[in-house]
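# Structural overview
Below, each chain spelled out in residue letters.
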Amino acid sequence: TDRPRLSPGTGANLRNRLISLALLTTTLIATPLGAQTKVTARIPDVQDAPIAYLLDTSSGQVLYERDIDRRFMPASITKVMTTFLAFEWMEEGRLFPQQVYGVRPDTFRKWNRKGSTMFLPADARVTVDDLLHGITTVSANDGAVVLAEGAAGSVEDWVAAMNSRAHAIGMSNSHFGTPNGWMDGGKTFVTARDLGTLAQAMVTRHPSKYRHFVGATGLKYNGIEQRNHDPISGVVEGADGIKTGFTNQAGYGFLGSAKRNGQRLVMVVAASPTGRGRNKAAREFIEWGFRNFESRVLFGEGERVASAQVQDGGGSEVRLIAPRGVRISIPRGSNPDVSLSLRYEGPLQAPVAKGEEVAELVVSIAGMPQHRVPLVAGEEVIEATALQRVFNAFKGWAT
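Turning our eyes to something else, we now look at the overall build of the protein chain. Across its full length, the protein chain holds 9 helices and 20 strands. Looking at the protein chain residue by residue over its 399 residues, the buried ones come to 54%. Considering only contacts within the protein chain whose residues lie at least 6 apart along the sequence, 65% involve residues at least 24 apart.

Next up, the structure:
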């Protein structure tokens, strides 16, 4: 780690923020304004959810965790990975909402009215848009298989792409064997931590697709109306999904999310013995999060956080910014000690591309788990000319 030049932001009035900042080697020391208070939050009542996880995606902080690295069968929550892969392929131009797929005869025989369904007829010509709404709203087993076969050519190729993309976003303790979560002898498993990673990737990388496809209260297709069994959408303020799951082996689970006043929480409750218990735990858990934690902005979207030294570049330093800003969540009514430290391998070697991830901001809040925010280069730094190298060397010697 190099000794960077750090800045709290351009022209920021720190009294209007949570903290004031001072430089000490690679650490931004944060001193609260006023007397410190103990960081505490009442433990949530989620007895009906043996596995429980609450993540603030706005800040990246874990607000509550219980058994979050325990593997379990996700059942229909698997469809969130299918949905995310579809979003990724849309972004890459490999899949389009108005593409039309047919239902293969073998697929119809196997999946017609099997479990949750959108009632695709044998002669259906169905758009990707309708398939995804069927998958996200009524947990359509048939829709997930038709999408997989149409988009990838086969279920096997689609599942391979699911696993590849899951690994790429950091789901290191999960594996998928089907596109819809149907029982497969334990080949499909996840952890709550990995589901939180998946949900965070979905809502941050594809916000418009998320709003369009996730959180509808019902679906009418093929003349049949069905409602969404999501226990929080339409019930909890700001709730907008994401997916329930149930099998006899897995019990009842839910991956959900809600957003209020710029703060988005993602939760996982799993291994509940009853659907009623799962639904109650989900509602109380997400409300506990909003009631007990408040979100505060440290740096705005695209605002300069710090500077890093650059070697052999046209400039000797580069601004470091947080593309989505930097927020923190703290227990309501508290004023904890907060410290920010900058980490990168430096000096950075030119050239540096604008938007390239080159550093991370480590946020430490007394009494809470540490979390990290990626920082990117605020501008391009090209390789230095011979004359610039001489000037930079002289400048470094003189200082």
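Now that the structure has been shown, we can carry on.
Quick look at the pattern of salt bridges now. Per the counting criterion, the structure on display carries 15 salt bridges. In this structure, Lys 280 engages Glu 284 in a salt bridge whose closest nitrogen and oxygen atoms are separated by 3.1 Å. Linking Lys 280 with Glu 284, this pair stays in helix H8 (residues 275-292), spanning 4 residues, or about one helical turn. Accessibility expressed as a relative area gives 40% for Lys 280, which makes it partly exposed. Through salt bridges that share partners, Glu 88, Glu 92, Arg 94, Arg 165 and Arg 205 make up one connected network.

This brings us to the packing of aromatic side chains. The tally for this structure, following the rule as stated, stands at 8 aromatic pairs. Between Tyr 64 and Phe 285 the ring centres are 5.7 Å apart and the planes differ by 85 degrees, which places this aromatic pair in the edge-to-face class. Linking Tyr 64 in strand E5 (residues 61-66) with Phe 285 in helix H8, this pair joins segments that are 221 residues apart in sequence. Relative to Trp 182, the ring of Trp 111 has its centre 5.8 Å away and its plane inclined at 90 degrees; by these criteria the two rings are edge-to-face. Of this pair, Trp 111 sits in helix H2 (residues 105-111) while Trp 182 sits in the loop between helix H5 (155-168) and helix H6 (192-205); the two residues are 71 residues apart in sequence, bridging distant segments of the chain. By relative accessible area, which is 29% here, Trp 182 ends up partly exposed. An aromatic cluster of at least three residues, connected via ring pairs, comprises Tyr 64, Phe 285, Trp 288 and Phe 293. Note that Arg 94 overlies the ring of Trp 89, its terminal NZ or CZ placed 3.9 Å from the centroid. Sitting above the plane of the Trp 111 ring, Lys 114 keeps its charged end 4.8 Å from the centroid.

Strand order in this open sheet of 5 strands is E5-E4-E12-E11-E10, and the pairing throughout is antiparallel. Edge strands, defined here as strands with exactly one partner in the open sheet, are E5 and strand E10 (239-247). Averaged over all adjacent pairs, the angle separating strand axes in this sheet is 5 degrees, with direction ignored. Where E10 and strand E11 (residues 251-260) come together, 7 bridges link them in antiparallel fashion. In the strand pairing of E11, Gly 245 is matched with Gly 253. Helix-sheet contacts for H8 involve strand E4 (51-56), E5, E10, E11 and strand E12 (263-272), and the interaxial angle to E12 is about 150 degrees.

The tendency in soluble globular proteins is for nonpolar side chains to be buried side by side. Counting 62 residues, the largest nonpolar core has Leu 95, Leu 120, Leu 132, Leu 147, Trp 158 and Leu 255 as its most contacted members. Counting residues per element, this core draws most heavily on helix H1 (residues 78-91), at 8 residues. For Leu 95, the contacting residues outside a window of four places in its chain are Ala 86, Trp 89, Met 90, Tyr 101, Val 128, Leu 147 and Ala 151. If you look at the next biggest cluster of nonpolar residues, it comprises 50 residues, including Ala 52, Ala 306, Leu 320 and Ile 328.

Summarising the element assignment, Val 297 is placed in strand E13 (residues 293-299). Judged by its relative accessible area of 39%, Val 297 falls in the partly exposed class. Spatially, the C-alpha atoms of Val 297 and Val 326 are 6.1 Å apart, while their sequence positions differ by 29 residues.

The next point concerns the confidence of the model for the protein chain. Detailed conclusions should not be drawn from predicted coordinates in areas where pLDDT is low. Per-chain confidence: the protein chain averages 87 in pLDDT, with 85% of residues scoring 70 or above. Predicted confidence is poor over residues 1-40, with pLDDT under 50, and the contacts of this stretch with residues over four places away or in other chains come to 116 contacts.

Between Ala 350 and Pro 351 the backbone carries a cis peptide bond, its omega angle lying at 5 degrees. Topologically, Pro 351 is positioned in the loop between strand E18 (348-349) and strand E19 (357-365). Phi at Asp 67 takes a positive value of approximately 60 degrees, unusual for a residue other than glycine. Tracing the sequence through the fold places Asp 67 in the loop between E5 and H1. Overall, Asp 67 belongs to the partly exposed group, its relative accessible area being 40%. With phi around 60 degrees, Phe 119 is a residue other than glycine that occupies positive phi space. Structurally, Phe 119 is set in the loop between H2 and strand E7 (125-127).

What follows deals with the pairing of E12. Successive residues of a regular strand alternate their side chains across the two faces of the sheet. Of all 10 residues making up E12, 9 are buried, and the element is well covered by its neighbours. Sheet analysis places E4 next to E12, joined by 6 bridges and oriented antiparallel. Residue pairing across strands places Ala 52 opposite Val 269, the latter belonging to E12. The pairing of E11 with E12 spans 8 bridges and is antiparallel. Across the sheet, residue Leu 255 finds its bridge partner in E12, namely Val 268. Between the antiparallel neighbours E11 and E12 lie 2 residues, among them Asn 261 with a positive phi of about 50 degrees.

In this section: H8. Look at H8: 26 Å from first C-alpha to last across 18 residues, which is about the 26 Å you get at 1.5 Å a residue. Looking at H8, one finds that the buried residues are Gly 275, Gly 277, Arg 278, Asn 279, Ala 281, Ala 282, Phe 285, Ile 286, Trp 288, Gly 289, Phe 290 and Asn 292.

Reading guide: rules and limits
- Residues numbered from 1 in each chain as written.
- Predicted model: local features only at pLDDT ≥ 70, side-chain atom pairs only at ≥ 80, totals over all residues.
- Heavy atoms only, no water.
- Helix = DSSP H or I, 4+ residues; strand = E, 2+ residues; numbered from the N terminus.
- Buried < 20%, exposed > 50% of the residue type's maximum accessible area, 1.4 Å probe, protein only.
- Contact = heavy atoms within 4.5 Å.
- Salt bridge = Lys/Arg side-chain N within 4 Å of Asp/Glu carboxyl O.
- Phe/Tyr/Trp six-rings, centres within 6.5 Å; stacked < 30°, edge-to-face > 60°.
- Lys NZ or Arg CZ within 6 Å of the ring centre and 35° of its normal.
- Pairing = 2+ DSSP bridges.
- Axes fitted to C-alpha atoms, helices over the stretch in contact; angles between N-to-C directions.
- Core = buried A, V, L, I, M, F, W, Y, C linked by side-chain atoms within 4.5 Å.
- pLDDT = per-residue confidence, 0-100.
- Expected span 1.5 Å × (residues − 1).

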